[in-house]
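Structural overview
Listed here are the chains, written in short residue letters.
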Amino acid sequence: MMLSGSDILVKTLIEQGCDTVFGYPGGQILNVYDSLYTHQDKINHVLTAHEQGAAHAADGYARTTGKVGVVISTSGPGATNLVTGIATAYLDSIPLVAICGNVPTTQIGSDSFQEIDITGVTLPITKHNYFVSSVEQLADTIRDAFRLAKSGRPGPVLIDVPKDIQIARCEYFPEEPATMDAPCAAKDIRIEEAAEYINSAERPYVYFGGGLISAAAQDELLDLAERIDAPLGCSLMGLSAIPTAHPRFLGMQGMHGHYASSMAMHNADLIIALGVRFNDRVTGNRARFATKAKIIHIDTDGSELGKTVNATCRLRGDVKLTLQKLLPMLKENAKPQWMEMIAAFRKEENEYLDDRKGLTPRSAVLAVNRYLGENTAVCTDVGQHQMWSAQNLVFRTPRRFVSSGGLGTMGFGLGAAIGAAYGTGERSVLITGDGSFGMCLNELATAVSYNIPIVVVIMNNGVLGMVRQWQTLFYDKHYSNSILDRKTDFPALARAFGADGEAVSTPDELDKALERAFSANGPYVIDCRIDKDEFVLPMLPPGGSMDDIIVKLEVE
Amino acid sequence: MNRYTVAVLVRNEFGVLNRVTSMFRRRQFNISALTASETESGEYSRITFSFDGEEENKQQLINQLYKLPDVCSIKELTRDNSVSCELMMIKMKNDARDRADIHAAAEAFGAETIDYSRDSFVLRLIGDSAKMDDFIMLMSDFTILEICRTGTASIERGSATLRQAMTL
């Protein structure tokens, strides 16, 4: 049938299985919004307060569902407002399709009103991007964008659609949703090699990240750990892949990782790394990182193999399929001595546990845990609260920890929590800080408008806590521009937005507030007062190794 | 540090050279020469570049190239498996005192004079990069006014082609 470009765009989105999009209208995308209006029975559009919030919402939706998140904006500032959101998705390998309007092709390159070269701007932060120069290409371009966003290592793709392309008409033929490029296992010879290393290892440590979640290889992971009697640890991006309470799980590793997990990795003679990229926050000083260990690195993206650490055995391939081929080659092998060492690390970790009375960051997160349903997504912003959450939250379902790991985007959380609520179909939780929340709290308006239940817990210490922590430790307590001490009354602010909230300063008050928050119909903001000199521990100092780990702090 | 030559077949799309070079810049790969042109098929362009670095960096560069959707085929070209050539034009000051020496060198290198005026002349030299470097070294005893080099073009020996190697 003959359709306008904008109708084709919306129909192709629907055809690709997209039923929820996030965005913000404007001059050069008006036609698409007109088509969204006429197709509103099939596709739901969520209007945010700012395009950045829409991008983070699409990201949160993608993280919790595994589907491609879609965000729509107008040209110029609308498009540039997406940039932080797209970069966030890029660094965490989240499948996202961003669609921007642009000025008509006849005006491109003339610096028209609200014209920006958004394909140029987003070149280094997308897997790929497209400038659609004829309406005949439009449907296939969108299909290709969906395929690309979810294939291999997922990531964001941007499509720039000039206004005259939205108006022009051509034939539209519906198609089936784009299928992913077929994943394949690593080369047999590499798998055999890996099996040999694993069969001769005495102290193996299985280490997984976000790549394990996108490959949905949880079963294979647990099977691997059982067979070879190995402990499990993960990067920030790997959290929630397996239940936190799994007896083999030692938790997140890295700069602020669990002591036992980091120690196990440090003392392992073999690290089996699945869908991770050995970021600097994970390795610390690379020259002194896990010096006793050989590394087997499995990743679907070959460019990650050997990029930062010198892996002994490098397997480029889908994590799930590769593990499926690897598992039958492994000898079942109990390692009581290694397990004893792990138990000792755990015991040591427990001695360092922060079990102070009163409202502490840890006690606050543990309180949140008591209210989480099996399916509840918990989002975070970036900073100390993010690490406290990563350390102490308890998950039972994959894809329920939503956090900006790679880019570390403050202001990510509220938008992501909106997307997560749509993705899971239920109440979501945002743990944030007063600094992060201050960046994008405008999205409270969105949550109120759409009556989205979000429990917002602000760890309010009046300072930029993580910056302060570094200033305390490494900058002679020069608290340069890290003291906020703002007069913002968050509960009153929440009420001004049409939400509700309260401030708490004791565990008892927090508990009661959480009870109200988890039964509220819309967003509920809990201003949780904590001390400004709380630290995230343990901590590997930047450039340090496990020998330099700080587990307890003596600060006067 | 080694020098590697890599040939890449890319889709002949608008802005594709920008995508490739943007990746080089972003990841700070040290590219010493680059040529790009259409090929036997209008569908594809060929980018040949020389890269200075270690084996590991080269592998990383190739892995990053594979991730660009417009890249169709990549081949590392070595002295053994390929023939390479570069074109250089060098403008020399025309000086009665040096003229004979310059022309003797030009003749030895097989460089042709393609422009001649009272004050200057232009020599054209075709060959591998090392030959160019040697010739420039020789000419630096005289007065070089301008140098223009195309960068290396390389092609595999035998009947193998980049298009045959298309796996993507």
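Quick word on the overall build of chain B
Looking only at helices and strands, one finds four helices and nine strands in chain B. Secondary structure elements of chain B, listed N to C terminal, follow the sequence β-α-β-β-α-β-β-α-β-β-α-β-β. Dimensions along the principal axes, computed over C-alpha positions, put chain B at roughly 60 × 30 × 30 Å. The proportion of buried residues among the 168 residues of chain B is 24%. Counting contacts in chain B only where the partners sit at least 6 residues apart, residues at least 24 apart contribute 75% of the total.

Overview of the domain arrangement of chain B
All names here are of chain B. When cut into domains, chain B gives domain 1 (2-77) and domain 2 (83-153). One C-alpha centre belongs to domain 1, the other to domain 2; they are set 29 Å apart. Counting residues at the interface gives seven residues for domain 1 and five residues for domain 2. Residue assignment for the side of domain 1 that touches domain 2 shows that the elements contributing at least two residues are strand E2 (31-38) and strand E3 (44-53). By residue number, the principal contributor to the side of domain 1 that touches domain 2 is E2, which donates three residues. Of the residues in the side of domain 1 that touches domain 2, the class split is three nonpolar, four polar and no charged.

So, the sheet that holds strand E10 (residues 232-234) of chain A
All names here are of chain A. Taken in spatial order, the six strands line up as E11-E10-E9-E12-E13-E14 in an open sheet, and their pairing is parallel. Each end of this open sheet is capped by a strand with a single partner; those strands are strand E11 (249-252) and strand E14 (313-316). The average undirected angle you get between the axes of adjacent strands in this sheet is 15 degrees. Pairing geometry for strand E9 (residues 204-208) and E10, over three bridges, is parallel. Counterpart to Phe-208 in the pairing with E10 is Cys-234. Packing against the sheet, helix H11 (residues 218-228) makes contact with E9, E10 and strand E12 (270-274), and its axis sits at approximately 170 degrees to E9.

Some points on the pairing of strand E2 (residues 20-23) of chain A
All names here are of chain A. Two strands pair when backbone bridges link them, and E2 and strand E3 (residues 44-47) are joined in this way by four bridges, in the parallel orientation. Bridge assignment links Gly-23 to a residue of E3, and that residue is Leu-47. Tracing the backbone out of E2, into helix H2 (residues 30-38) and back to the parallel element E3 gives a crossover that is right-handed. Direction of pairing for E2 relative to strand E4 (residues 69-73): parallel, over a ladder of two bridges. Residue pairing across strands places Phe-22 opposite Val-71, the latter belonging to E4.

Details of the environment of Arg-19 of chain B
As for its placement among the helices and strands, Arg-19 of chain B is situated in helix H1 (residues 16-26). Look at Arg-19 of chain B and you get partly exposed, because 19 C-beta atoms sit within 10 Å. Spatially, the C-alpha atom of Arg-19 of chain B lies 9.9 Å from that of Pro-69 of chain B, the residues being 50 residues apart in sequence. Here Arg-19 of chain B is in contact with Leu-123 of chain A together with Leu-68 and Asp-70 of chain B, once residues within four sequence places are set aside.

Calculation rules
Per chain, residue numbering runs from 1 following the sequence as it is written. All chains are assigned letters beginning with A, and all ligands numbers beginning with 1, in the order in which they are written. For this predicted model, a pLDDT threshold of at least 70 governs which residues receive local features, and a threshold of 80 or more governs which side-chain atom pairs are given and counted, while totals over whole chains, interfaces and linings are taken from all residues. Each helix is a run of H or I in the DSSP string that is no shorter than four residues. Each strand is a run of E no shorter than two, and both are numbered from the N terminus. Residue burial here comes from a neighbour count, namely the number of other C-beta atoms, placed from the backbone, that lie within 10 Å of the residue's own C-beta, with 20 or more meaning buried, 12 or fewer meaning exposed, and in between meaning partly exposed. We call two residues in contact if the C-beta atoms placed from their backbones are at most 7 Å apart. Domain extents, as shown, originate in an automatic or database domain assignment. Nonpolar residues are Ala, Val, Leu, Ile, Met, Phe, Trp, Tyr, Cys and Pro. Charged residues are Asp, Glu, Lys and Arg, and all others, Gly as well, are polar. One requirement defines pairing of two strands: DSSP has to find at least two bridges between them. Inter-axis angles, ranging from 0 to 180 degrees, are taken between N-to-C directions of lines fitted to C-alpha atoms, where helices are fitted over the stretch in contact. With the strands aimed away from the viewer, a crossover counts as right-handed if its path from the first strand over the helix to the second runs clockwise.

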